[in-house]
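Residues per chain, in single letters:
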Amino acid sequence: MTAMTQAPHGFLSPTGVEVAFLLVGLVTFGAALVTVTTRQLVHAALWLVVALGGLAVEYLLLTAEFIAWVQVLIYVGSVVVLLLFGLMLTKAPIGRSPDADSGNRWFALAVAVCAAAALVWVVVDAFRTTWIDLGGAAAGSTKVTGASLFQNWVLPFEALSVLLLAALVGAIVLSRKANADPTPPPVNGRAVTQSSPSVTNRGIHPIEQEGAR
Amino acid sequence: MHLADPAVLSALLFCTGLYGVLARRNAILVLMSVELMLNAVNLNLVAFDVWLSKAARDTLHSGQALTLFTIAIAAAEIGIGLAIVLAVHRNRGTADIDRLRDTAEGHEDGTAGTPTDAAADEKAEATA
């Protein structure tokens, strides 16, 4: 950190990036607060879009470009759409639902405020004199991220693809209709009805007739 | 940029998600709050990776790689979680977490628990 102290840093002379970070951070935090407190379920999902998009802008301000676009593609593009589909399929009420919050709301508020106070105090106390140098080349361009991902993180990357495949199969199995189980699929049914007489009555039915059929 | 700025924002977002997980009653809203908590962790990882990539000489860019992994695992988690919520809603007729206390102890003689459980059981038997 001694290499970064040649530029004067101060609380009273913020740069444009810091101002933009604080403003977008305020918008993101407000959208997150509305997400967890609103009583309209669809509005909660739409405010979640604002919060996640604000986080993508924060990644851009931190010069992590690839993460920002991945955030926009996956979170704003697919996760929120999945959440909206889930809200529709569980027949969520459109208007204000009075029972969106449970009875232990004040206990949850106390826990969250205590955790926030402790975390903010510890973090500010620990990183009071630490500065991020945002000049120079971008720390998270696509070239840098791809090079580090495929040089140092290849094995976890492939394991992650297997995990995604397992999650896909698991989601399909979980969301399949359960009433398709008593009747077996037609391929297995034909195999059972054809193979069982050929096994039990092997001496009666000739082999070539089975093969011709 | 001050390193405490993204760290404080991350802590506040995490506690917002914590409040949502503890206070919400609909299961899908709980999943949204879990997404908020995961995003707070992602912001921390990205901020510290940007700081370390300039402060240290050569890094593995582990923060950004772990952020990508977290995003992929969150996508898998939201798929599996929604499938479970939809299966519960199909069997029980509700996605309300407070009514899903079949395995809880000490709630057998609840005032509102018994008729709703009976109705949910009847609905589960009707749909099964």
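Residues numbered from 1 in each chain as written. Chains lettered and ligands numbered in written order. Predicted model: local features only at pLDDT ≥ 70, side-chain atom pairs only at ≥ 80, totals over all residues. Heavy atoms only, no water.

Chemist: Whenever I open this one, unusual backbone geometry confuses me. Can you help?
Modeler: Excluding glycine, residues mostly have negative phi values, and the peptide bonds linking residues are mostly trans. With phi around 60°, Thr-63 of chain A is a residue other than glycine that occupies positive phi space. Within the chain, His-61 of chain B stands out as a residue other than glycine whose phi angle is a positive 55°. Mapped onto the elements of the fold, His-61 of chain B is located in the loop between helix H2 (27-55) and helix H3 (62-92). By relative accessible area, His-61 of chain B is classed as buried at 10%. (Helix = DSSP H or I, 4+ residues; strand = E, 2+ residues; numbered from the N terminus. Buried < 20%, exposed > 50% of the residue type's maximum accessible area, 1.4 Å probe, protein only.)

Chemist: How should I be thinking about the side chain of Glu-18 of chain A in this particular structure?
Modeler: Relative to the helices and strands, Glu-18 of chain A resides in helix H1 (residues 16-37). Among buried charged residues, Glu-18 of chain A stands out as having no salt bridge; its nearest opposite-charge side chain is Lys-54 of chain B, 14 Å away. Among all residues touching Glu-18 of chain A, those that are not within four sequence positions of it are Trp-131 of chain A together with Met-1, His-2 and Asp-5 of chain B. (Lys, Arg positive; Asp, Glu negative; His and termini not counted. Salt bridge = Lys/Arg side-chain N within 4 Å of Asp/Glu carboxyl O. Contact = heavy atoms within 4.5 Å.)

Chemist: I tried to follow the packing of aromatic side chains on my own but got confused; where do I start?
Modeler: What describes a pair of aromatic rings is the distance from one ring centre to the other and the angle between the planes of the rings. Going through the model one piece at a time under the given rule, you end up with five aromatic pairs over all chains. When the ring of Phe-48 of chain B is compared with that of Trp-51 of chain B, the centres are 6.0 Å apart and the planes differ by 80°; the resulting orientation is edge-to-face. Of this pair, Phe-48 of chain B and Trp-51 of chain B are both found in helix H2, three residues apart, which corresponds to roughly one turn of the helix. Overall, the relative accessible area of 22% leaves Phe-48 of chain B in the partly exposed class. Residue Trp-51 of chain B is classed as buried on the basis of its relative accessible area of 13%. Among the aromatic residues, those joined into a ring-pair cluster are Phe-127 of chain A together with Phe-48 and Trp-51 of chain B. (Phe/Tyr/Trp six-rings, centres within 6.5 Å; stacked < 30°, edge-to-face > 60°.)

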